[in-house]
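Overview (structure and organization)
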Amino acid sequence: MCVWFQRYFGCGLAIPGFLDGMHVLDLGSGSGRDCFVISKLVGDNGYVVGIDMTDEQLSLANKYIDYHTKKFGLSKPNVEFRKGYIEKLGEAGLKDNSFDVIVSNCVVNLSPDKKTVLQEAFRVLKPGGELYFADIYTDRPLSEAARKSDLMWGECISGALVWKDLVMYAEEVGFETPRLVTSYIYDVPFDCVKQLLEGARFSSATYRLVKKKADIKPVPVKAIYKGSLTECGHTFELDASHTFEAGIPLEVAGDVAAVLKSTRFAVHFDFEELPVADVDTDKEYEKSVEQADPFAYAVRTGATKNIFTDEQKKAVEALAEK
């Protein structure tokens, strides 16, 4: 059971920038909070679809469509909510190549078939689109007892994916190597479950997974940001490993160049191709995987967070004793 089922259980706001006019899908939209924020960002020329499997959440979300349409000064509703499963987007009527961006906020960890979730996301994304999502990850496979703990499922621990498996699944379904945006160590304060975890660590991490355009080749380049993205001014942060200053060339590996060239960010860059004769593609790949490690980043930056109050800790401990 989920002890805190009435409170918001997402990982903050997992929403990328530069969404004006975009078609966006929210996997596990719940009460619609993120969808309504995004509806403001995409504006009248964009559209937002939220998918959720729970009637109660869908009813609550639909209740506030008109309110947010008026509040945001939109000419018409630009958000809708559909019932369905994130592993079966086709059953909810979502077609191939139909979304620019997909978001998800601490939902994928609850799915029993995470690779299929990624596969479906890849299918409905347009070429050049991205899956931008926050979730909980672990650094090792969990024991069977930990996986079957109702308490730990409710606290988004049992379903945590090993971060290296995310890299593997993403690449197997067609995405580029995941780009880590940010992460912090997720402190598990419950004595009642620590012995089940057998030393496993957990991280709350945000990634962007890009569906590369077929005609884009992964060639290393000097990428020169034009400073034209109004939301970020002279500095653009693609991920935790790549920050671009306007007018200053930055050499990037072929896979990063492919991400930039494929996405909505491409028009804001100039590119100068670099010689490829001496490029060690294996080392480039190893470096990209290292950059996707949420634990290394969190340790390096000292990012640790305990999201539970003392009162909540005591409640969980009491429940575990029953």
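One structure accompanies this document, and this report is about it.

Procedures and definitions
- Residues numbered from 1 in each chain as written.
- Predicted model: local features only at pLDDT ≥ 70, side-chain atom pairs only at ≥ 80, totals over all residues.
- Heavy atoms only, no water.
- Helix = DSSP H or I, 4+ residues; strand = E, 2+ residues; numbered from the N terminus.
- Contact = heavy atoms within 4.5 Å.
- Areas by Shrake-Rupley, 256 points an atom, 1.4 Å probe, with all protein chains shown as cover.
- Core = buried A, V, L, I, M, F, W, Y, C linked by side-chain atoms within 4.5 Å.
- Buried < 20%, exposed > 50% of the residue type's maximum accessible area, 1.4 Å probe, protein only.
- Pairing = 2+ DSSP bridges.
- Axes fitted to C-alpha atoms, helices over the stretch in contact; angles between N-to-C directions.
- Phe/Tyr/Trp six-rings, centres within 6.5 Å; stacked < 30°, edge-to-face > 60°.
- Lys NZ or Arg CZ within 6 Å of the ring centre and 35° of its normal.
- Polar contact = N/O pair within 3.5 Å; in protein donor to acceptor, adjacent residues only side chain to side chain.

Considering the overall build of the protein chain
Counting secondary structure elements, the protein chain contains twelve helices and 14 strands. Partitioning the intrachain contacts of the protein chain with sequence separation of at least 6 by distance along the chain shows that 78% fall at a separation of at least 24. Roughly 15400 Å² of accessible area belongs to the protein chain as shown, and the carbon and sulfur atoms make up 51% of that amount.

Comments concerning the nonpolar core
If you look at the biggest cluster of nonpolar residues, it comprises 37 residues, and the most contacted ones within it are Leu-25, Leu-131, Phe-175 and Tyr-207. If you tally residues by element for this core, the top one is helix α7 (residues 163-173), at five residues. Those residues in contact with Leu-25 that lie beyond four places of it in its chain are Val-49, Ile-51, Leu-89, Leu-94, Phe-99, Val-101, Ile-102, Val-103 and Val-124.

Here we look at the environment of Ala-145
Positionally, Ala-145 belongs in helix α5 (residues 144-147). Ala-145 sits in the partly exposed class, given a relative accessible area of 45%. The spacing of Ala-145 and Leu-197 is 52 residues in sequence and 8.9 Å in space, taken between C-alpha atoms.

Some remarks on unusual backbone geometry
Residues other than glycine seldom take positive phi values, yet Asn-97 does so here, at roughly 55 degrees. Note that Asn-97 resides in the loop between β3 (79-83) and β4 (99-105). Taking relative accessible area as the criterion, Asn-97 reaches 40% and is therefore assigned partly exposed. At Cys-106, a residue that is not glycine, the phi angle is positive and equals roughly 60 degrees. Structurally, Cys-106 is set in the loop between β4 and α4 (114-124). By relative accessible area, which is 6% here, Cys-106 ends up buried.

Observations concerning the sheet that holds strand β12 (residues 250-252)
If you walk across this open sheet you meet the three strands as β12-β9-β13, and the pairing is antiparallel. Edge positions in the sheet fall to β12 and β13 (269-273), since each of these pairs with one other strand and no more. Each strand axis lies, on average, 30 degrees off the axis of its neighbour in the sheet, ignoring direction. As paired elements, strand β9 (residues 221-225) and β12 share three bridges and run antiparallel to each other. Across the sheet, residue Val-221 finds its bridge partner in β12, namely Val-252. Packed on one face of the sheet, helix α9 (residues 254-262) meets β9, β12 and β13 and runs near 145 degrees to β13.

A few points about the packing of aromatic side chains
Applying the stated criterion to the full structure yields 13 aromatic pairs. A centroid spacing of 5.1 Å and a plane angle of 85 degrees characterise the contact between Phe-122 and Phe-175, whose relative ring orientation is edge-to-face. With Phe-122 in helix α4 and Phe-175 in the loop between α7 and β7 (179-186), the pair connects residues that are 53 residues apart, well separated along the chain. Of the aromatic side chains, those joined through ring pairs into one cluster are Phe-18, Tyr-225, Phe-236, Phe-244, Phe-265, Phe-269 and Phe-271. Cation over ring: Lys-211 sits above Phe-122, and NZ or CZ is 4.7 Å from the ring centre. Looking at Lys-261, its charged tip hangs above the ring of Phe-271, at a distance of 5.5 Å from the centre.

Some points on the side chain of Asp-100
Within the secondary structure, Asp-100 sits in strand β4. Asp-100 gets classed as buried once you look at its relative accessible area, which sits at 17%. At 3.3 Å, the side chain of Asp-100 and the side chain of Lys-126 are in polar contact. Dropping the residues within four chain positions of it, Asp-100 is found in contact with Met-22, His-23, Leu-125, Lys-126, Gly-129 and Glu-130.

Function cannot be read off these values alone, since they describe shape.
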